[in-house]
Amino acid sequence: MKDKIEALRSKFSSELKTVADLSSLEELRQTFMSKKGAIQDLMKELGKIPNDQKKDAGQMINSFKQEVNEHFEARKKELEELALKALLDHTESYDDSMPTGNPCGSYHPITLIQRELEDIFESMGFDVEDYNEIVDDYNCFEALNIPKFHPARDMQDTYYLTTPNQLLKSHTSAAQNTIMRKYGDKLKKYGRPIRAVFPGRCFRNEAIDACHENTFFQMEGVMIDKDISISNLIYFMKTMLSEVFERDVTVRLRPGFFPFVEPGFELDIQCLICGGDGCPSCKNSGWLELCPCGMIHPNVLKHGGINSEEDPFEYTGFAFGLGLTRLAMMKYGVGDIRVFNDGDLSALSQFVSR
Ligand code: DAH
């Protein structure tokens, strides 16, 4: 038994030296430690040797097993550290000899439409802001005039984190309060109007189908100043949409309910395919619903620190929540919303910027 263990010990230590990665280490471990491994074979032989030698032989096997285990763990730790170091040093690189369909890569259609809109709004004097995906209840609902337990909360169900009061934002409107607080001082001190757009990923607890996703993109916009009216809203929306669709668009407003605007609207554009006569894409109505919007509710402006109790209408503003994903579907003629999230490059790499 002693000789057998000795032979295995030198076999193990010479093989261990050649092991250079975690998977070959695991193979080596299996050769020795698995149910069909060398140590188990020794255990089987234990049955065959005379009783008075069993105790010593058993102890030898056990201490050999322990030794193998210790060496194995130590080498494993070493290899893991090396792998991490290689990753951090970037010595591990991707294989750039792999053939690809599109050698230049391509932007995601949502990125394309988002950048296009950012350019358009920047040219009209808007700041572009980024905002968190994890928000609190106050920013997502209460600051937007949607108190706790108000029935309007049923309009948007989202995902709640186990951390109390934290959730995935269900709409980009969740950034309105932060924007008002960020730019409010400049508005009041220097009369600089607040003009900002803030694109972002939103989440809702939705059953997924061709028209619904639990993860989608919006672009929110606000403009706040003295004497802002619905005509300003219409002007900016119409200009922006004419740029996006590269032609003059006709828009109309219908009443729409959103607790954070008063009055609230649904903005429609005249169908670009039939010019308003009615066709299958506009369900024969001649109009396409595009962008909910409205005049910012006085309570929202108050929460944002814009207006005081004494003069609740000193400043007024409009807000809109453009569905970027929906706009991308319309602009690129994508019939199924799932295309945007399922990572199929043959579909996604077809979109190239102008
Ligand atoms: N946040 C709303 C939603 O996701 C959309 C919206 C409606 C945004 C009206 C607005 C607005 O800024 O004025 O359903």
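Refer to the structure printed above.
Anyway, here's the lowdown on the structure attached to this text. (Residues numbered from 1 in each chain as written. Predicted model: local features only at pLDDT ≥ 70, side-chain atom pairs only at ≥ 80, totals over all residues. Heavy atoms only, no water.)

Next up on the list: the pairing of strand S5 (residues 215–225). Most of S5 sits out of view: eleven of its eleven residues are buried. Alternating positions in S5 separate into two faces, Thr215, Phe217, Met219, Gly221, Met223 and Asp225 on one and Phe216, Gln218, Glu220, Val222 and Ile224 on the other, with burial throughout. Where strand S4 (residues 194–203) and S5 come together, ten bridges link them in antiparallel fashion. For phenylalanine 198, the partnering residue across the bridge sits in S5 and is glutamate 220. Summarising the sheet, S5 and strand S9 (residues 316–323) pair through eight bridges and their orientation is antiparallel. Note on S9: the bridge partner recorded for aspartate 225 is threonine 316. (Buried < 20%, exposed > 50% of the residue type's maximum accessible area, 1.4 Å probe, protein only. Helix = DSSP H or I, 4+ residues; strand = E, 2+ residues; numbered from the N terminus. Pairing = 2+ DSSP bridges.)

Ranked by size, the top nonpolar core spans 45 residues in total, and within it Leu117, Phe121, Met240, Leu241, Ile269 and Phe320 carry the most contacts. Secondary structure elements with two or more residues in this core: helix H5 (109–123), S5, helix H8 (230–245), strand S7 (261–270), strand S8 (287–296), S9 and helix H10 (324–332). Residue contributions to this core peak at seven residues, all from H8. In this structure, methionine 240 is in contact with Leu117, Ile120, Phe121, Met124 and Leu322, ignoring residues within four places of it in sequence. Core analysis: the next-biggest nonpolar cluster, separate from the first, contains 28 residues, Tyr131, Ile179, Tyr183 and Ala196 among them. (Core = buried A, V, L, I, M, F, W, Y, C linked by side-chain atoms within 4.5 Å. Contact = heavy atoms within 4.5 Å.)

The next thing to look at is the site of the ligand. With respect to spatial proximity, 16 residues lie near the ligand, and among them His171, Ser173, Arg204, Gln218 and Glu220 are the closest. Here a nitrogen atom of the ligand and a side-chain polar atom of histidine 171 are 2.8 Å apart. Contacts to the ligand include glutamate 220, whose side-chain N or O atom sits 2.7 Å from an oxygen atom. Considering the ligand on its own, with 360 Å² of exposed area, one finds that the protein chains cover 94% of that surface. (Near = heavy atom within 4 Å. Polar contact = N/O pair within 3.5 Å; in protein donor to acceptor, adjacent residues only side chain to side chain. Areas by Shrake-Rupley, 256 points an atom, 1.4 Å probe, with all protein chains shown as cover.)

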